[in-house]
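# A closer look at the structure
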Amino acid sequence: MELDRDLFLPVSREDMARRGWDFYDFLLITGDAYVDHPSFGPAIIGRVLEAEGYRILERNWRSGRSEIDLIAQRGDIIAFVEVKTRGEHALAAPAAFVTRAQRRRIALAAVEYLRARGIYNTGAVQPRFDVFEIVTGGPDGACVTRFSHLVNAYDTGDLDVFL
């Protein structure tokens, strides 16, 4: 399902130019009461990846009990992306909450995804595992205070998964 980008505010100069906008009249930034909804992180990060030139292939792709938040491609790279959101007072960075067991489930799901498309171990694509960290805070805890893209955040060498 392709989203109609014109239903949303522009997120870049290119979006504005495509619509014939030279400038914003004003920009209102406010907290989002739904920032803790499970769909929030992948929705935001999907837009960020698109702005970086990636094409979103899948959102919340499932294989058995495993789920991959986003699968994105740019050139021959297919990024399997886990999105972690935590409050600014969390005990550790969001990426620290991606456990070894979760990394293994994601890697096995990635193998299943690639096999289902006939591109597993063919050299046609280079799989990569990224983590996006989203940190929230502010007076109501509903504002994104920062996010970071951890490219190639982990490999599968210690997970007994061949990719």
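Residues numbered from 1 in each chain as written. Predicted model: local features only at pLDDT ≥ 70, side-chain atom pairs only at ≥ 80, totals over all residues. Heavy atoms only, no water.

Right, let's get into helix α2 (residues 40–51). Here α2 spans 17 Å end to end across twelve residues, near enough to the 16 Å set by a 1.5 Å rise per residue. Within the span of α2, buried status applies to Phe40, Gly41, Pro42, Ile45, Gly46, Arg47, Val48 and Leu49. Packing partners of the buried residues in α2 comprise α1 (13–19), β1 (55–63), β2 (66–74), β3 (77–87), β4 (126–137) and β5 (143–150). (Helix = DSSP H or I, 4+ residues; strand = E, 2+ residues; numbered from the N terminus. Expected span 1.5 Å × (residues − 1). Buried < 20%, exposed > 50% of the residue type's maximum accessible area, 1.4 Å probe, protein only. Contact = heavy atoms within 4.5 Å.)

With that settled, the discussion passes to the sheet that holds β3. With respect to topology, five strands assemble into an open sheet ordered β1-β2-β3-β4-β5, the strand pairing being mixed. Bordering the open sheet on either side are β1 and β5, each of which pairs with just one other strand. Across this sheet, the average inter-strand angle for adjacent strands is 30 degrees, counted without regard to direction. Pairing of β3 with β4, which is carried by eleven bridges, proceeds in the parallel orientation. In the strand pairing of β4, Thr85 is matched with Ile134. Docked against the sheet, α2 engages β1, β2, β3, β4 and β5, running at close to 150 degrees with respect to β1. (Pairing = 2+ DSSP bridges. Axes fitted to C-alpha atoms, helices over the stretch in contact; angles between N-to-C directions.)

What follows deals with unusual backbone geometry. Negative phi values dominate among residues other than glycine, just as trans dominates among peptide bonds. Phi at Asn121 is positive, roughly 55 degrees, even though this residue is not glycine. When you line up the elements, Asn121 lands in the loop between α3 (100–116) and β4.

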